[in-house]
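Structural overview for review
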Protein chains: 2
Amino acid sequence: MPPESLREPRQHRARVTREAIMRAAAAEFDDRGYAAASLGAILDRTGVTKGAFYFHFSSKRDLALAIVREQAVRWRRLAEEPTTGQDPLTRLLELSDVALSLFLGSAEVRAALRLSYERSVVDAGLAVPVPVWEGIVGEQLRAAQQQGLLRAEVDPAPAARVVNDAMVGARTTTEGVSDSPGLVARVDEMWRLLLPALAVPAWLQRWRAGAWEDRARPTSG
Amino acid sequence: MPPESLREPRQHRARVTREAIMRAAAAEFDDRGYAAASLGAILDRTGVTKGAFYFHFSSKRDLALAIVREQAVRWRRLAEEPTTGQDPLTRLLELSDVALSLFLGSAEVRAALRLSYERSVVDAGLAVPVPVWEGIVGEQLRAAQQQGLLRAEVDPAPAARVVNDAMVGARTTTEGVSDSPGLVARVDEMWRLLLPALAVPAWLQRWRAGAWEDRARPTSG
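None of these values were measured; they are calculated from a predicted model.

The subject of this paragraph is the overall build of chain A. Helix and strand counts for chain A stand at 11 helices and zero strands. For chain A, the α and β elements follow one another from N to C terminus as α-α-α-α-α-α-α-α-α-α-α. When its C-alpha atoms are laid out on the principal axes, chain A stretches across 65 × 45 × 30 Å. When each of the 221 residues of chain A is scored for burial, the buried share is 51%. Of all intrachain contacts in chain A linking residues separated by at least 6 positions in sequence, the fraction that spans at least 24 positions is 69%. If you sum the accessible surface of chain A, you get close to 10,600 Å²; carbon and sulfur atoms cover 54% of it. Of the charged side chains in chain A, 29 are positive and 28 negative; the average position of the first set lies 4 Å away from that of the second.

Below, the structure is given as structure tokens:
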């Protein structure tokens, strides 16, 4: 075993290589999807040798799972960050903005979303973890319910599915148009329509009095 | 030119061949998407010769456009069928059930939806027509607004986008699970959450008094 001083840089180099492969793979999966993505193209994007690649990953499948798992951990961590004292519904709107910013700015996030739902991934029998965003929305809605902020007839679990479906769908329907503001505007429209169905009048009044409409919107890059 | 009696069967045969190609292509596009679909596999599915194929279509691209266009015409016709006197919101719920039934029962409809939004179609520069479902929802909501059935703050165009996105998203998020009831249940959840945000209390009261929850749900096949 080499002395500490030699091991450290080697570990560092290995980490840098692994991250470069992950980034290149994310770009490839985001661009071409699981079925069409090729290991050769991923290696070309990084300049890494096959040997170095197989030190870190055993297959395209392995790489796809690593991306989805890494993003799932990242999102869980995000949702568990201490809040700055907002109520759960306001926190949910804030998380929605964060989710959009990450999505627009990160190929890893877009790749994980594409891999989570893409038909060719399902066909390949890849057991990707359940996407976490729906769970995060559900948690905030349940917390809102406990604090008396949800209308009596609202059930948090199906409401979280509707929010998730509308956001996943907005990604799909705006993909062809390729103008990122389309996605942000659609998610805004969704909240404007859904919040009166979700929240008690007192919360809505406070929300409308706030400057949500005038806030800085998520942007790409 | 052959006499009428000989021409007629030939035209009939040509129509049957064209329909067989369209059906096979729809199954292939529905299963594998635009990029992965192959003309060879489509010919294998029909048993049609290359010569017969090229009599009807010039390319995979041509075939994809024909499917999307044919479905767009079919949906427009559907939306313009005379109603049986319901109000526009009730009609919208009925059309939503019809849309789900068609989707679950027809590879052509599923193929058209997949082709309308799929990334590889966009990447191929295929100018598919704007999907019609969002437009149909918008029309019903505008008619509802004119009859005083929408809440004052609801704008039909963005509301139609939210409905469309949630339905497109439900298709995506239930695709992996592959149990069709999942899609039907999710669309039900969407309407239950959205209708109180869309409709005036008087309409909601009539709707809740009706037997919508107990209706026959769309099924596959």
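Further notes follow.
What follows deals with the packing of helix α6 (residues 107–117) of chain A against helix α9 (residues 156–175) of chain A. Each pair of packed helices can be described by the angle between their axes along with the distance between the axes. Residues and elements named next belong to chain A. Contact geometry of α6 with α9 gives a least axis separation of 12 Å together with a crossing angle of 110 degrees. As judged from the angle between their axes, α6 and α9 are roughly perpendicular. For the pair α6 and α9, contact is made by Arg110, Leu113 and Tyr117 and by Asn164, Val168 and Arg171, respectively. The residue inventory of the contact of α6 with α9, partitioned by class, reads three nonpolar, one polar and two charged.

Another aspect to go through is the pattern of salt bridges. All names here are of chain B. Under the defined criterion, the tally for this structure stands at 32 salt bridges over all chains. For the salt bridge of arginine 91 with glutamate 94, the shortest nitrogen-to-oxygen distance reads 2.9 Å. Taken together, the residues arginine 91 and glutamate 94, both in helix α5 (residues 88–105) and three residues apart, mark about one turn of the helix. The class of arginine 91 is buried, set by a relative accessible area of 5%. For aspartate 97, the salt bridge identified is with arginine 215, shortest N-O distance 2.6 Å. Within this pair, whereas aspartate 97 is found in helix α5, its partner arginine 215 is found in the segment after α11 (201–209), the two being separated by 118 residues in sequence.

With that out of the way, let us pick up the nonpolar core. With 92 residues, the main nonpolar core has Trp191, Leu198 and Trp203 of chain A together with Trp191, Leu198 and Trp203 of chain B as its most contacted residues. Grouped together as the second largest cluster of nonpolar side chains are 26 residues, Leu39, Val48, Leu63 and Val121 of chain A included.

So, on to helix α2 (residues 39–46) of chain A. Buried within α2 of chain A we find Leu39, Ile42 and Leu43 of chain A. Buried residues of α2 of chain A, viewed axially, fall in a sector of 100 degrees; they line one side.

Parameters at a glance
Residues numbered from 1 in each chain as written. Chains lettered and ligands numbered in written order. Predicted model: local features only at pLDDT ≥ 70, side-chain atom pairs only at ≥ 80, totals over all residues. Heavy atoms only, no water. Helix = DSSP H or I, 4+ residues; strand = E, 2+ residues; numbered from the N terminus. Buried < 20%, exposed > 50% of the residue type's maximum accessible area, 1.4 Å probe, protein only. Contact = heavy atoms within 4.5 Å. Areas by Shrake-Rupley, 256 points an atom, 1.4 Å probe, with all protein chains shown as cover. Lys, Arg positive; Asp, Glu negative; His and termini not counted. Charge placed at Lys NZ, Arg CZ, Asp CG, Glu CD. Axes fitted to C-alpha atoms, helices over the stretch in contact; angles between N-to-C directions. Parallel < 35°, antiparallel > 145°, perpendicular 65-115°, else oblique. Nonpolar A, V, L, I, M, F, W, Y, C, P; charged D, E, K, R; others polar. Salt bridge = Lys/Arg side-chain N within 4 Å of Asp/Glu carboxyl O. Core = buried A, V, L, I, M, F, W, Y, C linked by side-chain atoms within 4.5 Å. Arc of directions from axis to C-beta.

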